[in-house]
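Analysis of the macromolecular model
The residues making up each chain are set out below.
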Amino acid sequence: MSRPASSSAALPIARVVLHIIIVLNWLGGAAILALLVLSPNARWIMTAFKLSPSPDTDRLIMGMRVIAALGLAAVPLHYIALKRLLAIVETVRAGDPFVAENADRLQAIAWALVALNVLSVVIGIIAKIVSTPAHPLRLDAGFSTNGWLAVLLTFLLARVFAEGTHMRDDLEGTV
């Protein structure tokens, strides 16, 4: 029961933006990996971040390296969500978004969001642990009410899509 997609400009724009974000996600991951592999020495890091030597500097640098590694772990999670969102956009463009695959895609996106929110909390905790008054480490990480709300809404939307698909299949079976 496929209908042609509307002539809305939002779908082509969404496709292009999602493709760009996917590329930027991988480029960001490559940059993080390069920094971790090149493993700049403590002196380079202290100079780059304008840190003065102190007993806490080693702990701060180690914390920043762990945070970078966790940031690297976020790259494939973002990719999972973005690719599935792109696939959903394609089904909308085709005029048939209420398919079982989209319910599964939304479920996968929700689980990726759970993992990303957990990573954010862990990164926030690490930043708080290694931060000192002399060397504060301020990151936009930690618990996010909006992030967890997005998780709940995505799980709910996945269920709505599953039910909608089931109802449509039942309707087609009775016609």
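Quick caveat: nothing in here was measured; it's all calculated off a predicted structure. (Residues numbered from 1 in each chain as written. Predicted model: local features only at pLDDT ≥ 70, side-chain atom pairs only at ≥ 80, totals over all residues. Heavy atoms only, no water.)

Details of the nonpolar core
The biggest cluster of nonpolar side chains holds 17 residues, and the ones touching the most others in it are Leu60, Ile67, Leu70, Leu119 and Leu137. At seven residues, helix α3 (residues 57–93) tops the list of elements feeding residues into this core. With residues up to four places along the chain from it excluded, the contact list for Leu60 reads Leu51, Val130, His135 and Leu137. (Core = buried A, V, L, I, M, F, W, Y, C linked by side-chain atoms within 4.5 Å. Buried < 20%, exposed > 50% of the residue type's maximum accessible area, 1.4 Å probe, protein only. Helix = DSSP H or I, 4+ residues; strand = E, 2+ residues; numbered from the N terminus. Contact = heavy atoms within 4.5 Å.)

Here's the deal with the packing of aromatic side chains
Under the defined criterion, the tally for this structure stands at three aromatic pairs. A centroid spacing of 5.0 Å and a plane angle of 80° characterise the contact between Trp111 and Phe155, whose relative ring orientation is edge-to-face. A residue pair is termed long-range when its members are at least 10 positions apart, and Trp111 in helix α4 (residues 100–130) and Phe155 in helix α5 (residues 145–174) qualify at 44 residues. Assessed through its relative accessible area of 52%, Trp111 is described here as exposed. For Phe155, a relative accessible area of 21% corresponds to the partly exposed category. (Phe/Tyr/Trp six-rings, centres within 6.5 Å; stacked < 30°, edge-to-face > 60°.)

Brief notes about the pattern of salt bridges
This model, assessed by the stated rule, comprises four salt bridges. A salt bridge links Arg93 to Glu90; the shortest N-O distance between them is 3.2 Å. Residue Arg93 and its partner Glu90 are both found in helix α3; the two are separated by three residues, about one turn of the helix. For Arg168, the salt bridge is made with Asp96, and the minimal N-O distance between the two is 2.4 Å. Placement of the pair is Arg168 in helix α5 and Asp96 in the loop between α3 and α4, with a sequence separation of 72 residues. For Arg168, a relative accessible area of 16% puts it in the buried group. (Salt bridge = Lys/Arg side-chain N within 4 Å of Asp/Glu carboxyl O.)

Some points on a nonpolar patch on the surface
Together, Val16, Ile20, Val23, Leu24 and Leu27 give the surface a local cluster of nonpolar side chains, amounting to about 470 Å² of exposed area. With respect to the helices and strands, Ile20 occurs in helix α1 (residues 10–38). Here Ile20 falls in the partly exposed class, since its relative accessible area comes to 46%. (Patch = residues over 30% accessible without salt bridge, like charges linked within 9 Å, V, L, I, M, F, W, Y side chains within 5 Å. Areas by Shrake-Rupley, 256 points an atom, 1.4 Å probe, with all protein chains shown as cover.)

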